[in-house]
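One letter stands for each residue in the lines below.
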Amino acid sequence: MPIVHIVLLKLESPEDTKVLSTLKEGSQLLSKIPGVISASSGPNYTKRGKGYNYGISMVFESKEAEAAYQVHPDHVRFVKECVRPQLSKASDPVLAVDFEDTSITTPSKTSGPQSKV
């Protein structure tokens, strides 16, 4: 069953293009770790983030793949060198949530609009 891993960050300088570029490049590197199905990241553009101003979302093949990812040298290096130095000094600068996604489906390209009953 696919696992979704969502990480929200409070960055010290969320508008700094160098910081954003570093995080984006690092996220792309993480997408190549075995067991990763997809990875995406980017700055929050709304005021609903409650101080969290950057998000990373990943999908893994399984719980085992997510566990292996957590200790993978590329992930450990990314957190140490790219994420931690950019974090805000505010309390709880990182929030992570992991869950089994039972709703991942491939939409049919031939199906038309669904009627509401």
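Everything below is about the structure shown above.
Rules used throughout
The numbers attached to residues start from 1 for each chain and follow its sequence in the written order. The predicted nature of this model means local features are confined to residues of pLDDT at least 70 and side-chain atom pairs, given and counted, to a pLDDT of 80 or more, with totals for whole chains, interfaces and linings taken over all residues. To get the side-chain values, take all heavy atoms of the structure and skip hydrogens and water. Residues qualify for a patch when their relative accessible area is over 30% and they have no salt bridge, like charges being joined within 9 Å and the nonpolar side chains of Val, Leu, Ile, Met, Phe, Trp and Tyr within 5 Å. Using a 1.4 Å probe, the Shrake-Rupley method yields the accessible areas, and only the shown protein chains count as cover for residues. We define a salt bridge as a side-chain nitrogen of Lys or Arg found within 4 Å of a carboxyl oxygen belonging to Asp or Glu. Helix and strand assignments follow DSSP, with helices taken as H or I runs no shorter than four residues and strands as E runs no shorter than two, numbered in order from the N terminus. Think of it in three bands: with a 1.4 Å probe and only protein chains considered, a residue is buried below 20% of the maximum accessible area for its type, exposed above 50%, and partly exposed in between. By the convention used here, strands pair only if DSSP detects at least 2 bridges between them. Working rule for contacts: check all heavy atoms of both residues, and any pair within 4.5 Å makes them a contact. Convention adopted: a line fitted to C-alpha atoms gives each axis, helices being fitted over their contacting stretch, and angles between N-to-C directions are expressed from 0 to 180 degrees. Every angle not falling under 35 degrees, over 145, or within 65 to 115 is termed oblique; those three ranges are roughly parallel, roughly antiparallel and roughly perpendicular. Ten residue types, Ala, Val, Leu, Ile, Met, Phe, Trp, Tyr, Cys and Pro, are classed as nonpolar, four, Asp, Glu, Lys and Arg, as charged, and the remainder, Gly among them, as polar.

**Student:** Just give me the short version of a nonpolar patch on the surface, but keep the residues and values in it.
**Tutor:** A surface patch of nonpolar side chains, about 230 Å² in accessible area, is lined by Leu 95, Val 97 and Phe 99. Along the chain, Leu 95 falls in strand E4 (residues 94–100). The exposure class of Leu 95 is partly exposed, given its relative accessible area of 37%.

**Student:** Can you tell me about the pairing of strand E1 (residues 3–9), naming the residues and giving the values?
**Tutor:** Along E1, five of the seven residues are buried, which leaves the element largely enclosed by surrounding structure. Taken together, the seven bridges between E1 and E4 define a ladder with antiparallel strand orientation. If you follow Ile 3 over to E4, its bridge partner there is Glu 100.

**Student:** Can you break down the environment of Leu 11 residue by residue, with the values?
**Tutor:** Along the chain, the position of Leu 11 falls in the loop between E1 and helix H1 (17–30). Linking Leu 11 and Gly 51, residues 40 residues apart in sequence, is a C-alpha distance of 8.8 Å. When neighbours within four sequence positions are excluded, Leu 11 is seen to be in contact with Val 19, Leu 20, Leu 23, Asn 53, Tyr 54, Gln 86, Leu 87 and Ser 88.

**Student:** Residues and numbers for the sheet that holds strand E3 (residues 54–60), please.
**Tutor:** Spatial strand order, E2-E3-E1-E4: four strands in an open sheet with antiparallel pairing. Each of the sheet's edge strands pairs with one partner strand only, and the pair in question is strand E2 (36–43) and E4. Taken pair by pair, the neighbouring strands of this sheet meet at an average axis angle of 10°, ignoring direction. With respect to the sheet, H1 is in contact with E2 and E3, its orientation differing from that of E2 by roughly 175°.

**Student:** An account of the packing of H1 against helix H3 (residues 73–83) is requested, with residue identities and associated values reported.
**Tutor:** Following both chains from N to C, one finds H1 and H3 inclined at 175°, their axes separated by 10 Å at the closest point. In this view, H1 runs roughly antiparallel relative to H3, as classed from their interaxial angle. Residues Thr 22, Leu 23, Gly 26, Ser 27, Leu 29 and Leu 30 of H1 touch H3, and the partners they reach there are Asp 74, His 75, Phe 78, Cys 82 and Val 83. Tallied by class, the residues present in the contact of H1 with H3 amount to six nonpolar, four polar and one charged.

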